[in-house]
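As a plain string of letters, each chain reads:
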Amino acid sequence: MQNAIKSIDKEKGIVKINFIENRNGEWQFSIQDNGCGIPSHQFEKIFKIFEKIDDNRSSTGIGLSIVKKIIDFYEGQIWLESELNKGTTFYFTLPKISA
């Protein structure tokens, strides 16, 4: 969420959060923004620790690597779709836990 908010470069920022039950019976979450977007050649880089795609000094480059480790621990998946100057959507899945 914080990354979505920080990436918005438009006068009217939009962040949408959603979830569905996907075809595999998992919970699939999405966080969509209308920010600056992420170049496709940097999709893998953003999930590596201490890797950043900008020169923002307030960014540590560890947030998304931690998110990925948590998703991996729970045997989920994380990925993104992005278009420069239009925005980014992050998706992640988590298995349903039976009570």
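Bear in mind the structure is a predicted one, so any value in this text is a computation, not a measurement.

Q: Would you mind going over the overall build of the chain with me for this structure?
A: Within the chain, the secondary structure is distributed over two helices and four strands. Listed N to C, the secondary structure of the chain is α-β-β-α-β-β in terms of helices and strands. The globule rule puts the C-alpha radius of gyration for 99 residues at 13 Å, and the 14 Å found for the chain is close to it. Classification of the 99 residues of the chain by burial places 29% in the buried group. Here the contacts in the chain between residues at least 6 apart in sequence split such that 49% fall between residues at least 24 apart.

Q: What is the right way to look at the environment of Glu83 in this model?
A: Within the element layout of this structure, Glu83 appears in strand β3 (residues 78-83). Glu83 gets classed as partly exposed once you look at its relative accessible area, which sits at 46%. Linking Glu83 and Gly37, residues 46 residues apart in sequence, is a C-alpha distance of 5.3 Å. Contacts of Glu83, omitting those with residues within four sequence positions, involve Cys36 and Gly37.

Q: Hey, could you run me through unusual backbone geometry in this one?
A: A negative phi holds for most residues other than glycine; trans holds for most peptide bonds. Unlike most non-glycine residues, Glu75 shows phi in positive territory, near 60 degrees. Within the secondary structure, Glu75 is located in the loop between α2 (63-73) and β3. Residue Glu75 is classed as exposed on the basis of its relative accessible area, which comes to 66%. In the Ramachandran plot, Asn85 falls in the positive-phi region, its phi being about 65 degrees despite a non-glycine side chain. For Asn85, the position within the fold is in the loop between β3 and β4 (87-95).

What counts as what
Every residue gets a number counted from 1 within its own chain, in the order that chain's sequence is written. Predicted model: local features are reported for residues with pLDDT of at least 70 only, side-chain atom pairs are reported and counted for 80 or more only, and whole-chain, interface and lining totals are derived from all residues. To get the side-chain values, take all heavy atoms of the structure and skip hydrogens and water. Helix numbering and strand numbering both begin at the N terminus, where a helix is a DSSP run of H or I of at least 4 residues and a strand a DSSP run of E of at least 2. Atoms considered for the radius of gyration are the C-alpha atoms alone. The globule rule reads 2.2 Å times the number of residues to the power 0.38. Burial classes follow relative accessibility: with a 1.4 Å probe on protein chains only, a residue under 20% of its type's maximum area counts as buried, one over 50% as exposed, and anything between as partly exposed. Residues are treated as being in contact if the distance between any of their heavy atoms lies within 4.5 Å.

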